[in-house]
Amino acid sequence: MDGEPVSRARVGVLSLQGDFALHAAALQTLGIEPVRVTLPEHLDGLEALVLPGGESSTMLRLLESTGLRAPLERFVAGKPVLATCAGLILLAREADRLPLPTLGALDIKVVRNGYGRQIHSFSGPVEFAPSPGPVNGVFIRAPRILEVGKGVTVVAHRPAGEGAAREPVGVQAGRILGLAFHPELTGDLRFHRWFLSELAGLAVPRAESSRTSSEAA
């Protein structure tokens, strides 16, 4: 990032459970200070928040036990949020087989493990509306988006092929971006960059100058 202005913005990453470390690394690569969020006070002063993949039932239980649920509900109601995989489930209006209600910030219905269990994990092309050309999506016990309500725009699709219809895998509502897959696992920062610049209004470096830690390794 030599020669690029470094943003002093602080963006939180919910770090109760799941794949939060690689999201933090992606933010750091883009000149953003990642802040691990495990307690309510960690939300103070944040510009935006990432809800990572993981195990949605466990996350909901931990939100209750840490006292984070109510502060998180207030945060997502007015601040930019990037939610991936289990994070998307947390924000959905409706999801199946959960021990506690979701946060309901996105008017969508999802089914957990909609593409199969862990052994059925796969990667494949994703069409992302703001970006030219397909990007790679990693689907691990990924939720499937069954219904999209008013005020929610589909911004990413899995293309049709091999008898399968084109289907939504990414949605936006206001300043919330929800993805059914794991962008932090690919080394491609387009989703993080677009979220930070277009939805959170933060300065990020040019695309050609940014690499994740996995690309640099």
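Throughout what follows, the structure given in this document is the object of discussion.

Thresholds, definitions, all that
- Residues numbered from 1 in each chain as written.
- Predicted model: local features only at pLDDT ≥ 70, side-chain atom pairs only at ≥ 80, totals over all residues.
- Heavy atoms only, no water.
- Pairing = 2+ DSSP bridges.
- Helix = DSSP H or I, 4+ residues; strand = E, 2+ residues; numbered from the N terminus.
- Axes fitted to C-alpha atoms, helices over the stretch in contact; angles between N-to-C directions.
- 1 Å grid on protein atoms, 1.4 Å probe; cavity = no way out; pocket = protein on both sides within 12 Å on 5 of 7 lines; lining within 4 Å.
- Points joined across faces, edges and corners; volume = space filled by probe spheres on them.
- Nonpolar A, V, L, I, M, F, W, Y, C, P; charged D, E, K, R; others polar.
- Salt bridge = Lys/Arg side-chain N within 4 Å of Asp/Glu carboxyl O.
- Buried < 20%, exposed > 50% of the residue type's maximum accessible area, 1.4 Å probe, protein only.
- Arc of directions from axis to C-beta.
- Contact = heavy atoms within 4.5 Å.
- Phe/Tyr/Trp six-rings, centres within 6.5 Å; stacked < 30°, edge-to-face > 60°.

1. Observations regarding the sheet that holds strand β6 (residues 106–111)
- Pairing within the open sheet is mixed, and its three strands lie in the order β5-β6-β9. The open sheet is flanked by β5 (92–95) and β9 (144–148), the only strands paired with a single partner. If you compare each strand with its neighbour and ignore which way they point, the axes differ by 30° on average.
- Taken together, the four bridges between β6 and β9 define a ladder with antiparallel strand orientation. Looking across to β9, one finds that V111 is bridged to R144.

2. Concerning the layout of surface pockets
- Within this model, the largest pocket holds a volume of roughly 230 Å³.
- Together, 16 residues line the largest pocket, and G54, E55, C85, I140 and R141 are the ones closest to its centre.
- Across the lining of the largest pocket, the residue classes tally to five nonpolar, seven polar and four charged.

3. Structural notes on the pattern of salt bridges
- In the structure shown here, the tally under the stated rule is 13 salt bridges.
- A salt bridge links R69 to E73; the shortest N-O distance between them is 3.2 Å. Note that R69 and E73 are positioned in helix α3 (residues 69–78) at a spacing of four residues, about one turn of the helix.
- Accessibility expressed as a relative area gives 12% for R69, which makes it buried.
- Judged by relative accessible area, E73 falls into the partly exposed class, the value being 31%.
- Among the ionic pairs, E167 bridges to R144, the shortest N-O distance being 3.1 Å.

4. Some words on α3
- Among all positions of α3, only R69, P71, L72, F75 and V76 are buried. Burial along α3 is one-sided: seen end-on, the buried residues are contained in an arc of 160°. α3 presents R74 and A77 as exposed residues on the side facing more than 90 degrees away from its buried surface.
- Each element contacted by the buried residues of α3 is listed here: β3 (48–51), α2 (56–65), β4 (81–84), α4 (86–91) and β12 (176–179).

5. A closer look at the pairing of β3
- Side chains A48 and V50 project from β3 onto one buried face, and the interleaved L49 and L51 project onto a second face that is buried too.
- Where strand β1 (residues 10–14) and β3 come together, three bridges link them in parallel fashion. Within β3, the position partnered with V13 by the bridge is V50.

6. Observations regarding the pairing of strand β8 (residues 135–139)
- Within β8, four of the five residues are buried, which leaves it mostly tucked inside the rest of the structure.
- In this sheet, β8 lies alongside strand β7 (residues 122–128) in antiparallel orientation, the contact comprising five bridges. Across the sheet, the residue bridging to S123 is V138, located in β8.

7. Things to note about the packing of aromatic side chains
- Enumeration according to the criterion identifies seven aromatic pairs in this entry.
- Here the aromatic rings of F128 and W194 are separated by 5.6 Å at their centres, their planes lie at 90°, and the arrangement is edge-to-face. With a gap of 66 residues between them, F128 in strand β7 and W194 in helix α5 (residues 190–199) connect regions that are remote in the sequence. Comparing F128 with W194 shows no difference in burial state: the two are buried.
- Measuring from ring centre to ring centre gives 5.2 Å for F181 and F191, while their planes differ by 70°; the resulting arrangement is edge-to-face. In this pair, F181 is assigned in the loop between β12 and α5 and F191 in helix α5, connecting sequence segments ten residues apart. The exposure classification of F181 matches that of F191, with both residues buried.
- An aromatic cluster of three or more residues is present, and its members are Y115, F122, F128, F139, F181, F191 and W194.

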